[in-house]
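# An overview of the molecular structure
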2 protein chains.
Amino acid sequence: MEYLKLPGEVKVDDKGDRIMGSSNKPLAGQKGGLGSPGAGEEPHADLSQIYSKDLLPTTGGERVTCIFFQELVNILIGYIFKSNERSSKILDFHHPHQLKDNLEGFSLDLPDQPEPLEQILVDCRDTLKYGVKTGHPRFFNQLSSGLDLIGLAGEWLTSTANTNMFTYEVSPVFLLMEEILLKKMQSIVGWAEEEGDGIFCPGGAISNLYSILVARYDFYPEVKTKGMSALPRLALFTSEHSHYSVRKSAAVLGMGSDSVQVVPCDESGKMIPWELESSIIEAKAKGLVPFYVNATAGTTVYGAVDPLAAIAVVCHQHQLWLHVDAAWGGGLLMSRRHRVKLQGIERASSVTWNPHKMMGAPLQCSAILLKKRGLLQECNQLCADYLFQNDKHYDMSYDTGDKTIQCGRHVDAFKLWLMWKAKGSEGFGSQVNKCLENAEYLYKQLQRRADFKLVLESKPEHSNVCFWYIPPSLRKLPPGPERNRRLHKGGRKKKAHHHCPDGILKLQVAPQIKAKMMEEGTTMIGYQPLGSNVNFFRCVFSNPATQQEDVDFLLEEIARLGYNL
Amino acid sequence: MEYLKLPGEVKVDDKGDRIMGSSNKPLAGQKGGLGSPGAGEEPHADLSQIYSKDLLPTTGGERVTCIFFQELVNILIGYIFKSNERSSKILDFHHPHQLKDNLEGFSLDLPDQPEPLEQILVDCRDTLKYGVKTGHPRFFNQLSSGLDLIGLAGEWLTSTANTNMFTYEVSPVFLLMEEILLKKMQSIVGWAEEEGDGIFCPGGAISNLYSILVARYDFYPEVKTKGMSALPRLALFTSEHSHYSVRKSAAVLGMGSDSVQVVPCDESGKMIPWELESSIIEAKAKGLVPFYVNATAGTTVYGAVDPLAAIAVVCHQHQLWLHVDAAWGGGLLMSRRHRVKLQGIERASSVTWNPHKMMGAPLQCSAILLKKRGLLQECNQLCADYLFQNDKHYDMSYDTGDKTIQCGRHVDAFKLWLMWKAKGSEGFGSQVNKCLENAEYLYKQLQRRADFKLVLESKPEHSNVCFWYIPPSLRKLPPGPERNRRLHKGGRKKKAHHHCPDGILKLQVAPQIKAKMMEEGTTMIGYQPLGSNVNFFRCVFSNPATQQEDVDFLLEEIARLGYNL
């Protein structure tokens, strides 16, 4: 058995991120052909004259296939190694016009004639070179970060199997795995054995859309054939800190975004239950018919968990559908220490939970869970019998194609299944705990530093920690409107964003630091304004690769980049 | 440089599909540790005591990472080799209860405690073993088939990069590639340089949904905030042979499936333009407001292409949005020989085109193309400035997150970009031509055989060929209602499908053959009834691995399995 070369033994090219063998050397004694490795002899391959048509399924393509994939895997493993090196840059930033301009020979143009496999490998290397290392321990920019290698293995297998979550006939194993995962997640949410339904779908926004779609159908099944004009004017409720996908879904589903009533939050970003209740009463008074409440378990910015149990009481009282958007917070359910924070989630009629966030599954992996069984199928099925034959010789309840608003559906379940095997429920629990420990560590560091200020004084509930950097020039000012105004006031003037022309026009402290950070490529963290709070940084932890030293680095780096602002 | 072992040199285990090295041998002289390969010495590794926590990002995890991925890649490459062997089974069919019952030690259950990497690799091997080899040259079951190895390489890289089509900040290269691909596809459709917009989305059904969503917004922008109740009663038009996603989308979007007017087709499955026109007039007379016509370029069953130019004339006259669902037929545009069949597509306001079908890209890869620029963004944006900051230092028009109904979005563009590099436009053209040559070959074989009967007498327009097998017991009957009744009449009685209780209750000839085929695992082909035609087989060609010998095999196999019915 031969292994991939380890980095220490590997030839790295001048661009510094290529872990390849001798593919550029033409093979002595062969005319553009491929070398045959003899015993103890180093094989060579010249891929400059070999094309994709020489790979399988072309007869005799096995050898080229092996060589090509070996070279590819070397590039990919090399990339993984680099992503795990703290000293390596997270990104090598270029503006769109630079990348489109054949930067260092990297051409994005689509040719008429084929390019040789050697060039394809160079393209792969360049694609990674100019991308963003989201698995880097100092990448804090997104709720999804890190690169779980078991999950990655799952994705490689999934793409090799190249099938569709459509019918049992073409996806027997993956459909069963999906069912088992969904049942497990339902039981973790706290639903009874005989309850629970669901599906994996392409992202949390679509999961949230499903919840509204199914809730609407549950109350008004005639909507499926007759549309919204057969229904009274509906009202949905969600907090001001919730994800925008609730409003977007209402627009898509033909309810209109105005049907979404925005419920105020307390200072920590949690929906206020009595505000929900008065919002419901007010809507009724206006002649609207409330039917759906979205509670968030883990808001995007603050990581706040709405008081689920209290909200469930309100929903029960008014007979409303309670959806819990736990896209971000669902992972906490895996931790014995933290799952208590989601108490009340078991009373939800539906739950969005994205294992691609806190549980570290590769993108995408999002589940919509529904308490009431069969509703999803009823809501979406159209009995297209030319696609879903009802005269098959097996149990056709696994033919899930008609349950979805998609037709074909990507296999998103396998990677999670494989990760669960490799980590066990316990492993996910420790991973979540570690992320929250990092958040607490950051929180404590921020508490004791004068050059930073926390947005929320309370200990983080999830792994979100929000803060301002206060440059020396502003440090003499006391916290308050004047400092905020100065924090807000930026440097060079920017043109308005043409999509949102009413946007803020000047770069503030945080955007300026972020811009420098991206140019330097040392770390990445997001920022945003929220309510009356001017632009602040939001750090989130979902990457198990991150250590306390990375948290320290982040703060030092922000302080370094922002010192002279 | 060391390569993967070639199949000839490889140890295959007793399950017959494992191409692995010595991972089961404990390494001499080490306690459960990993071997270090010396010069000329065969390295060993015992993964039975190694866990996912020993992989990167754990310090020093490089070695375990290499070994694990080498083993994994061996399994995957071995699977690819097997998929390309005509003699290997396409599937090893088991019923759901069998697979759930720890078949041969393959447990689908999710553990609390981690399993060692050795078990993870066994799980991977078993997952493939009990799955369906969709890349096998004799897999004809789905519009998507084959396994393009460059596309696969693209998927492996995509999952390694593990990022999101959200903002330029986290996906600079992939977003530019998407833009370049969409522009190319738009120019191939025939739109002018200054026209064209679009996005890759999770499957053709969602692409079709986008087309209706955007069309509705174009006519009635107030729908976004006010919902359907602010609009007149709309009417959509699509042919009786079109994909069910038009009806499903109308239901999802709150128009109701009844708003979809089904336009009759001619015998070959093409929409009849004058029927469309009278359908529009009729709808208007009923007080409905027509706004959208879906024309299909490549129907699911017959592969029929609606007369696009004639339909465009009707749409123009009535000022309706013309969408062309070319999910399946779009690939024909890549062929100089066949693109003429889609003449008129350039007059569409939107086009669905799935490169994961005829162009052979791995699942999923579907594009919605829109002629009018900016509409997609206007229709979907909510200016969530906590996610899409408008004060960044780069050109924010590449931040596409607010264009979509998703939030995060999987990178579906890269694999197609890489394939385009490796094949060139020309390569896609030849691939499409070859699939249509296979279809024509099958058509000719069926014409000259007495034991088969074509559903359509005319030469196939796309790569779909539909036919009945007539067992000897029915061959003396002339074609007509009596033979159809007997073809229809099946063997053992089946329970009604609980989802579609009005379904056909007996196994007919085609379903019986299909059931036997799946038990034997030699080939796979779909069947369905359509209109007044009782269950017939539909063969489709999208896998470049398929040769004429495979077509011959298919017919012989059907004849063999069905002979005694």
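Remember, it's a predicted structure, so these values are computed and weren't measured experimentally. (Residues numbered from 1 in each chain as written. Chains lettered and ligands numbered in written order. Predicted model: local features only at pLDDT ≥ 70, side-chain atom pairs only at ≥ 80, totals over all residues. Heavy atoms only, no water.)

### Description of the overall build of chain A
Filter applied, for reference: Numbering of helices and strands starts at the N terminus; helices are DSSP runs of H or I of at least 4 residues and strands are runs of E of at least 2. For accessible areas, the Shrake-Rupley method is used with a probe of radius 1.4 Å. Any residue's cover is judged against the shown protein chains and nothing else.
Counting its regular elements, chain A contains 16 helices and 14 strands. For chain A, the accessible area works out to roughly 18,600 Å², and carbon and sulfur atoms hold 50% of it.

### Things to note about the sheet that holds strand β9 (residues 350-353) of chain A
Residue and element names in this part refer to chain A. Condition: For two strands to be treated as a pair, DSSP must find at least two bridges joining them. For helices, the axis comes from a line fit to the C-alpha atoms of the stretch in contact; other axes are also lines fit to C-alpha atoms, and the angle between any two N-to-C directions lies between 0 and 180 degrees. The contact definition used throughout considers only heavy atoms, calling two residues in contact when any of these lie within 4.5 Å.
Taken together, 7 strands build an open sheet; the order of strands is β4-β10-β9-β8-β7-β5-β6 and the sheet is mixed. One side of each edge strand has no neighbouring strand; the edge strands of this open sheet are β4 (197-201) and β6 (260-263). Neighbour-to-neighbour, the strand axes of this sheet turn through a mean angle of 20°, independent of strand direction. Of the pairings in the sheet, the one linking strand β5 (residues 234-239) to strand β7 (residues 289-296) comprises 5 bridges and is parallel in character. Its bridge partner being in β7, L236 is matched across the sheet by Y292. Across the sheet, helix α9 (residues 273-285) is in contact with β5, β6 and β7; its angle to β5 comes to roughly 160°.

### What about the packing of α9(A) against helix α10 (residues 308-318) of chain A?
Residue and element names in this part refer to chain A. Definition in use: Any angle that falls under 35 degrees is termed roughly parallel, while one over 145 is termed roughly antiparallel, one within 65 to 115 roughly perpendicular, and all others oblique. Here is the rule for handedness: rotate from the far helix to the near one, and if that takes an anticlockwise turn smaller than a right angle the crossing is left-handed, while a clockwise turn gives right-handed. The residue classification treats Ala, Val, Leu, Ile, Met, Phe, Trp, Tyr, Cys and Pro as nonpolar and Asp, Glu, Lys and Arg as charged. All others, Gly included, are polar.
Running from amino to carboxyl end, α9 crosses α10 at an angle of 25°, the nearest separation of the two axes being 9 Å. On the basis of the axis angle, α9 is roughly parallel to α10. Viewed along their axes, α9 and α10 form a crossing whose handedness is right-handed. Side by side, α9 and α10 meet where P273, L276, E277, I280, I281 and K284 of the first sit next to A310, I311, V314, Q317 and H318 of the second. Partitioning the contact of α9 with α10 into residue classes produces 7 nonpolar, 2 polar and 2 charged.

### Concerning the UniProt feature "modified residue: N6-(pyridoxal phosphate)lysine" (unreviewed entry) in chain A
All names here are of chain A. This is how the line gets drawn: UniProt positions are given in the numbering used here, feature names are shortened, and annotations may be inferred rather than shown by experiment.
Per the UniProt entry, the sites bearing "modified residue: N6-(pyridoxal phosphate)lysine" (unreviewed entry) are K357 in this numbering. Relative to the assigned elements, K357 resides in the loop between β9 and β10 (366-370). In this structure K357 touches L143, S144, A327, W328 and S542, once residues within four positions along its chain are discounted.

### Focus: helix α5 (residues 172-189) of chain A
All names here are of chain A. Under the convention used in this document: Expected helix span is computed as 1.5 Å times (number of residues minus one). Throughout, exposure labels follow a simple rule: accessible area from a 1.4 Å probe, protein chains only, divided by the maximum for the residue type, with under 20% read as buried, over 50% as exposed, and the rest as partly exposed.
The terminal C-alpha atoms of α5 lie 26 Å apart, and with 18 residues this matches the ideal 26 Å at 1.5 Å per residue to within 8%. The element α5 is extensively covered by neighbouring structure, given that 14 of its 18 residues are classed as buried. Positive phi appears at G190, one or two residues downstream of α5, with a value of about 115°.

### Some details on the interface of chain B and chain A
The parts lose accessible area when they come together, and the size of an interface is often stated as this lost area. Just so we agree on the cut-off: Summed over both partners, the accessible area lost on bringing two parts together, with a 1.4 Å probe, is the buried area. Should a side-chain nitrogen of Lys or Arg be within 4 Å of a carboxyl oxygen of Asp or Glu, the pair is scored as a salt bridge. Residues adjacent in sequence count toward polar contacts only when both atoms are side-chain atoms; beyond that, a polar contact is any pair of N or O atoms within 3.5 Å, and within protein one must be able to donate a hydrogen and the other to accept it.
On the chain A side, the residues contacting the 186 residues of chain B number 185 residues. Of the roughly 16,800 Å² buried at the junction of chain B and chain A (both faces included), carbon and sulfur atoms supply 65%. At the surface where chain B touches chain A, the tally comes to 10 salt bridges. The residue A:K514 makes a salt bridge to B:E169 at a minimum N-O spacing of 2.3 Å. Viewed at the interface, chain A and chain B are joined by 65 residue pairs in polar contact (both at pLDDT 80 or more). Top contributing element to the side of chain B that touches chain A by residue count: helix α1 (residues 62-83) of chain B, with 17 residues. Its residues placed into classes, the side of chain B that touches chain A shows 95 nonpolar, 55 polar and 36 charged.

### Quick notes on the relation of the copies chain B and chain A
Put simply, the rule is: The superposition of copies rests on a least-squares fit of C-alpha positions from residues with pLDDT of 70 or more in both.
If you rotate chain B by 180° and push it 0.0 Å along the axis, it lands on chain A with an RMSD of 0.0 Å. Such values leave the two copies arranged in the relation of a two-fold axis. Considering only C-alpha atoms, the part of chain B nearest the rotation axis is B:L253, at 2.1 Å.

### Brief notes about the sheet that holds strand β14 (residues 533-539) of chain A
By definition, the strands of a sheet pair up through backbone hydrogen bonds, in either a parallel or an antiparallel sense. All names here are of chain A. An order of β3-β13-β14-β12-β11 is seen for the 5 strands of this open sheet, with the pairing classed as mixed. Strand pairing shows two members of the sheet lacking a second neighbour, β3 (139-140) and β11 (452-454), which therefore form its edges. Note that β3 and strand β13 (residues 524-530) share 2 bridges and pair parallel. Opposite F140, over in β13, you have I525 as the bridge partner. Against the sheet, helix α14 (residues 481-488) touches β11, β12 (465-469) and β14, its axis set at about 70° to β14.

### Some remarks on the environment of A:S259
By secondary structure assignment, the location of A:S259 is in the loop between α8 (245-252) and β6. A relative accessible area of 8% means that A:S259 is categorised as buried. Taking the C-alpha atoms as reference points, A:S259 and A:V289, separated by 30 residues in sequence, lie 9.7 Å from one another. Ignoring any residue separated from it by four or fewer positions in sequence, one finds A:S259 in contact with A:L234, A:A235, A:L236, A:A250 and B:T225. Separated by 2.6 Å, the side chain of A:S259 and the backbone oxygen of A:G256 make a polar contact.

### A closer look at the confidence of the model for chain A
Residues and elements named next belong to chain A. The criterion, for reference: The score called pLDDT rates the predictor's confidence residue by residue, from a low of 0 to a high of 100.
On average, residues of chain A score 89 in pLDDT, and 88% of them reach the 70 mark or higher. Here residues 1-43 is a poorly scored stretch, pLDDT under 50, and it has 108 contacts once near neighbours within four places are set aside; other chains count. Below pLDDT 50 for its whole length, residues 490-506 participates in 32 contacts with residues either more than four positions away or in separate chains.

### Here we look at the nonpolar core
We apply this condition: Residues grouped as a nonpolar core are buried Ala, Val, Leu, Ile, Met, Phe, Trp, Tyr and Cys residues, joined through side-chain atoms within 4.5 Å.
Among the nonpolar cores identified, the biggest contains 315 residues, and A:F467 and B:F467 are the most heavily contacted of them. Setting aside residues up to four positions removed in sequence, B:F467 forms contacts with B:L442, B:L446, B:F452, B:K453, B:L454, B:V455, B:I525, B:F536, B:F537, B:C539, B:L555 and B:I558. The next biggest cluster of nonpolar side chains, apart from the first, holds 62 residues, and it includes A:L253, B:I199, B:V223 and B:L253.

### Examining the pattern of salt bridges
Across all of its chains, the model carries 60 salt bridges over all chains by this definition. Residues A:K444 and A:E440 are paired through a salt bridge, measuring 3.6 Å at the closest nitrogen-oxygen approach. Taken together, the positions of A:K444 and A:E440, both in helix α12 (residues 413-448) and 4 residues apart, correspond to about one turn of that helix. Close ionic contact of B:E440 with B:K459 constitutes a salt bridge, the shortest N to O distance being 3.6 Å. Residue B:E440 is located in helix α12 (residues 413-448), and its partner B:K459 is located in the loop between β11 (452-454) and β12 (465-469); the two are separated by 19 residues in the primary sequence. Taken together, the salt bridges that share partners define one network made up of A:R86, A:R138, A:E549 and A:D550.

### Considerations on the side chain of B:S242
Along the polypeptide, B:S242 turns up in the loop between β5 (234-239) and α8 (245-252). In terms of polar contacts, B:S242 uses its side chain to reach the backbone carbonyl oxygen of B:S239, at 2.8 Å.

### Looking at the environment of B:H356
Residue and element names in this part refer to chain B. Looking at where H356 falls in the secondary structure, it is placed in the loop between β9 (350-353) and β10 (366-370). The spacing of H356 and S144 is 212 residues in sequence and 6.2 Å in space, taken between C-alpha atoms. Beyond its immediate sequence surroundings of up to four residues, H356 is in contact with S144, G203, A361, P362, L363, Q364, C365 and S366. There is a polar contact of 2.9 Å between the side chain of H356 and the backbone nitrogen of C365.

### Regarding the side chain of B:N164
Turning to its location among the elements, B:N164 is positioned in the loop between α4 (149-161) and α5 (172-189). For B:N164, the side chain forms a polar contact with the main-chain nitrogen of B:R409, separated by 2.7 Å. Once residues within four sequence positions are removed from consideration, B:N164 is found in contact with A:L363, B:V170, B:S171, B:G408 and B:R409.

### Focus on helix α15 (residues 509-520) of chain B
Helix length check: α15(B) (12 residues) gives 17 Å between terminal C-alpha atoms against 16 Å at 1.5 Å per residue, within 8%. Elements that come into contact with the buried residues of α15(B) comprise β12, α14 (481-488), β13 (524-530), β14 (533-539) and α16 (548-562) of chain B.

### Describing the pairing of β5(A)
All names here are of chain A. Defined as follows: Looking down the strands as they point away from the viewer, one classifies a crossover as right-handed if the path from the first strand across the helix to the second runs clockwise.
Among the 6 residues that make up β5, 6 are buried, leaving the element largely enclosed by the rest of the structure. Side chains L234, L236 and T238 project from β5 onto one buried face, and the interleaved A235, F237 and S239 project onto a second face that is buried too. With 4 bridges joining them, β5 and β6 adopt parallel strand pairing. Opposite L236, over in β6, you have V260 as the bridge partner. Note that the unit made of β5, α8 and β6 has a crossover that is right-handed.

### So, the environment of B:R560
Structurally, the position occupied by B:R560 is in helix α16. Among the polar contacts listed, one links the side chain of B:R560 to the side chain of B:E520, at a separation of 2.7 Å.

### Structural notes on the packing of aromatic side chains
We apply this condition: Here is the rule: rings of Phe, Tyr and Trp (six-membered ring for Trp) pair when centre to centre is within 6.5 Å. Planes less than 30 degrees apart are stacked, more than 60 are edge-to-face, and the remainder are tilted.
Considering all chains together, one arrives at 41 aromatic pairs over all chains under this definition. Taken together, a centroid distance of 5.4 Å and an interplanar angle of 85° make the contact between A:F68 and A:F69 edge-to-face. What makes A:F68 buried here is its relative accessible area of 0%. Ring centres 5.8 Å apart and planes at 25° place the aromatic pair B:F414 and B:W417 in the stacked group. Here B:F414 pairs with B:W417, and both are found in helix α12, just 3 residues apart, close to one helical turn. Here B:F414 falls in the buried class, since its relative accessible area comes to 0%. In this structure B:W417 comes out as buried when scored by relative accessible area, which is 0%.

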